[in-house]
Amino acid sequence: MNRRTLLRKASALAMGIGALNLVGACAPATQAVTGGQAEVSEEPVRVTVAQTADVSTMDPHNHGITITANVLAHIYDSLGTRNPDQNYRYEGRLVESWNIVDDLTVDLTLRDGVTFSNGEPLNAEVCKYNLDRIMGKLPGVEPPFIAQSYAKLAGAEVLDERTVRVTTSEVDTFLVQRLMDLEMVPKQYTEENGFEKLAQEPIGTGPYTLKEWVREEHVILEARDDYWRGRPDIDEVVFRPIPEDATRMAELQAGNVDLIVNVPPDSVPMLEAEEHISVKSVPSTRMVAVIIETGVEGPLDMSHTKVRQALNYAVDRDSIIEHILGGYGIKLATVAPDYFLGYDPELEPYPYDPDKARELLAEAGYPDGFEIKDFRVGRGRFPRNVEVAQAIVDQLAQVNVQATLNAMEFGVWAKDTNEHIVGDMSLAALGNAYFDAWNTLFTLCRSGNVWAWYSNPEVDALIDEAGSTLDPEKHEAATKKALELIREDPPFIFMYQLVDVYAINQRLQWEPRSDELIYLYDASV
């Protein structure tokens, strides 16, 4: 029973007891009754979350950082939200519904009765104002950071008090998703005070308001009594930046924080031994793979399909996940985890079969194996990545493929990769904000893209087909077919899906999400 429920029951009990004149015999020690109403004196229910860094701004349109998004999600509502119970499909939050009019037009219908914390109403004019800001159409206002993700927006038109028509200059296959992710800021407040004040003193439609922000120390959020979905159970939510893994864990063990992120796999047994701590994990949206440079010229022909298939048969994913990741990984058949659009359960991961790998290498003209001179990995970006890369090197050696590992500083790795330099192959962990395999396919498999080291005209055609429609069935069908093709003609050594690990104080009732969002409106203590 959470505190809010307890208070409600206590209030009802006190009213009944008052009628029977039995107050002194049954009322809880912390409760007094005056005039038939229960008054309970308690400290606010506070939950503290430890992340790895501080929030960067209070303006939801001027950042692209998960850590900041976790804080601002409590202050601002977005137009829609992902439902973890429905495979992370979108559903309306501030919008009641949306209608795809054609491939360039979407109508949004807003909920009635929603207000910002300063009392401003949310309506179609406010929604248009937000979209105009992103499109750079507000006089004297620079487009915010997130404008780059909405580059195809062309216009926003108010159809009535609650309906906005959104148009694009060309088809944007993620238009609905981008709109659902958009958080609303107030029109009157920012017109009168500017967006600079919003970045320090936020006003949103969300369940909490900002009580205090001491940079690099903490953010304190306070529950709204008038939130349109009902007051949260937790009175105050505190976010603390604690960069060091060991310090976060020590603060949790001491009871000073309730929830910590990025728990190292090898620390899980130690935390699980604590009576007041639970460790929870959830599959991430990050997919690990070895990107193969298929365009390398020379004696080694990485464009040969059988060579790349052989590399996939040569790697023992189960062993890597069990012995290096402590079980916190899920092997993949392609680049689509099971909750991504495009996932096909009929596609099986490559089995570990070194004999099959040797057979394919012989058929491809490499009976004695070959050498890979530059196998890259960026240090520290995701759990145990250098150890995983070394295990791959050792396993490839079992089929006479001699790979030289090049473990480099992550910034150097990222800079080179953004300049289309990936060595002979490179271990990478790739996120996907849309839970849609097409996003990964387009980025890594469409010929000509900076992050694509692979070219297949059939795959290109399917990627283009899926990306040229807002029809979800056509989009998914073409995406699935493209995934089937790359399973047989692999651009990567397919590896695994990361699993995020959190540790929490057992008093907190909260479940982690695959989209990395930490949202405590639905939580309780």
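A few words now on empty space enclosed by the protein. Taken as a whole and assessed by the stated rule, the structure comprises 1 cavity of 30 Å³ or more. Estimated volume of the largest cavity: approximately 30 Å³. The element best represented in the lining of the largest cavity is strand β12 (residues 236–241), accounting for 3 residues. In the lining of the largest cavity, the residues fall into 6 nonpolar, 1 polar and 2 charged.

This part is about the sheet that holds strand β8 (residues 153–160). Taken in spatial order, the 4 strands of this open sheet run β6-β7-β9-β8, and their pairing is antiparallel. Since the sheet does not close on itself, it has two edges, and those belong to β6 (95–102) and β8, each with one partner. Strand-to-strand twist of the sheet, defined as the mean angle between neighbouring strand axes without regard to direction, takes the value 20°. One ladder, built from 5 bridges, connects strand β7 (residues 105–110) with strand β9 (residues 163–168); its direction is antiparallel. Counted as the bridge partner of Thr105 is Thr167 from β9.

On the surface, Asp112, Glu125, Asp160 and Glu161 cluster together into a patch of negative charge. Residue position: Asp112 is located in the loop between β7 and α4 (124–134).

This next bit is on the nonpolar core. With 79 residues, the main nonpolar core has Ile392, Leu427, Met495 and Tyr496 as its most contacted residues. Each residue touching Leu427, except ones within four places of it in the same chain, is listed here: Val288, Ala289, Val290, Phe375, Arg376, Val377, Phe382, Asn385, Val388, Ala389, Ile392 and Trp413. One finds Val95, Val176, Ile518 and Leu520 within the second-largest nonpolar core, a separate group that totals 63 residues.

Of all 14 residues that make up strand β19 (residues 492–505), 14 are buried, and the element is covered over most of its length. In this sheet, β19 lies alongside strand β13 (residues 259–260) in antiparallel orientation, the contact comprising 2 bridges. Bridging across to β19, Leu259 finds its partner in Ile504. Of the pairings in the sheet, the one linking strand β14 (residues 277–292) to β19 comprises 12 bridges and is antiparallel in character. Counted as the bridge partner of Met287 is Gln497 from β19. When strand β15 (residues 329–331) meets β19, the two strands line up antiparallel, connected through 3 bridges. Note on β19: the bridge partner recorded for Lys331 is Tyr496.

Conventions used here
Residues numbered from 1 in each chain as written. Predicted model: local features only at pLDDT ≥ 70, side-chain atom pairs only at ≥ 80, totals over all residues. Heavy atoms only, no water. 1 Å grid on protein atoms, 1.4 Å probe; cavity = no way out; pocket = protein on both sides within 12 Å on 5 of 7 lines; lining within 4 Å. Points joined across faces, edges and corners; volume = space filled by probe spheres on them. Helix = DSSP H or I, 4+ residues; strand = E, 2+ residues; numbered from the N terminus. Nonpolar A, V, L, I, M, F, W, Y, C, P; charged D, E, K, R; others polar. Pairing = 2+ DSSP bridges. Axes fitted to C-alpha atoms, helices over the stretch in contact; angles between N-to-C directions. Patch = residues over 30% accessible without salt bridge, like charges linked within 9 Å, V, L, I, M, F, W, Y side chains within 5 Å. Areas by Shrake-Rupley, 256 points an atom, 1.4 Å probe, with all protein chains shown as cover. Salt bridge = Lys/Arg side-chain N within 4 Å of Asp/Glu carboxyl O. Lys, Arg positive; Asp, Glu negative; His and termini not counted. Charge placed at Lys NZ, Arg CZ, Asp CG, Glu CD. Core = buried A, V, L, I, M, F, W, Y, C linked by side-chain atoms within 4.5 Å. Buried < 20%, exposed > 50% of the residue type's maximum accessible area, 1.4 Å probe, protein only. Contact = heavy atoms within 4.5 Å.

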